[in-house]
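Observations on the model geometry
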Amino acid sequence: MIAPMVDLHVHTVSSGHAYSTVEECARWAAQKGLQAIAITDHGPAIPGSGNLYHFWNLKVLPRRMHGIWILRSVEANILDGEGGLDLPDKILESLDVVHAGLHPYTGYQGDSVQENTAALIAAIRHPLVDIIVHPDNPAFPVDMEAVVGEAVREGKALEINNSSFVHTRSGSEENCLHMARLLAAKGGLVAVGSDAHVAAFAGEFTHAVEVLQETDITEESVINYSIERLEEFLGSRGKPLRLE
Ligand SMILES: [Zn+2]
Ligand SMILES: [Zn+2]
């Protein structure tokens, strides 16, 4: 069984609709035996989320808390079909890992499969984006074959989001299995995230791991099964993790 040792997708109070601090998330994740968490608060286009200064200032976060690594990240919002995101490149470049995805109430106007697919493909091609979050969200239907194909070509990871099965995005299961089967068949890269909005759910991957098992996705394909694997992935993208 693949049990990822890094949670790549954790929210804190800075998202505006999440309820724990970085320190609390680190403590819960450490108790569960994780090696690292990535702090992925929503980009500024989500109402109530952090502003540019939140992301610019992530450099002050200690690298270690409660014995685990703290990675500096964002869940950026895809704004259009041209690869537009809600953080400037200069800030994205300063982060360890960059997630991007579609969310409601952010100014994104697309409402067709064609537009959503074009938006995800443009984000996959964005040189600073590493991971596309919840591409299986039924609220933004896409041509999954096209999205997976582009991710494989670009060497980017698509997320299996544990929260999609539990708290949000109802109806994701079928889309997720479809995506995961395509990823397994094409040898695509997978990122597993809890998408925890409270500290107690950091490192919670139960449903995502079931999908990995059901679809025979290999350990090597999961970019966060260990901090070493994540370092290898980011290194191959020309953005080596500097954890000192
Ligand atoms: Zn999200
Ligand atoms: Zn999230």
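Residues numbered from 1 in each chain as written. Chains lettered and ligands numbered in written order. Predicted model: local features only at pLDDT ≥ 70, side-chain atom pairs only at ≥ 80, totals over all residues.

**Digging into the environment of Thr117**
Among the secondary structure elements, Thr117 is positioned in helix α4 (residues 113-125). With 22 C-beta atoms packed within 10 Å, Thr117 lands in the buried category. Considering only alpha carbons, one finds Thr117 and Asp143, 26 residues apart in sequence, at a separation of 5.9 Å. Excluding anything up to four places from it in sequence, Thr117 contacts Val142, Asp143, Ala146 and Val147. (Helix = DSSP H or I, 4+ residues; strand = E, 2+ residues; numbered from the N terminus. Buried ≥ 20, exposed ≤ 12 C-beta atoms within 10 Å, placed from the backbone. Contact = placed C-beta atoms within 7 Å.)

**Looking at the pairing of strand β1 (residues 6-10)**
Of all five residues making up β1, five are buried, and the element is well covered by its neighbours. By the bridge criterion, three bridges tie β1 to strand β2 (residues 36-39) in an arrangement that is parallel. Across the sheet, residue Val6 finds its bridge partner in β2, namely Ala36. (Pairing = 2+ DSSP bridges.)

**Some remarks on the nonpolar core**
As a rule of thumb, nonpolar side chains are buried together in soluble globular proteins. Counting 74 residues, the largest nonpolar core has Cys25, Ile37, Ala100, Ile132, Val190 and Ala202 as the members making the most contacts within it. If you tally residues by element for this core, the top one is strand β4 (residues 68-77), at six residues. Setting aside its immediate chain neighbours within four residues, Ala100 contacts Ala76, Ile78, Leu85, Ala123, His126, Val129, Ile132 and Val133. (Core = buried A, V, L, I, M, F, W, Y, C linked by C-beta atoms within 7 Å.)

These figures come from the coordinates and say nothing about function on their own.
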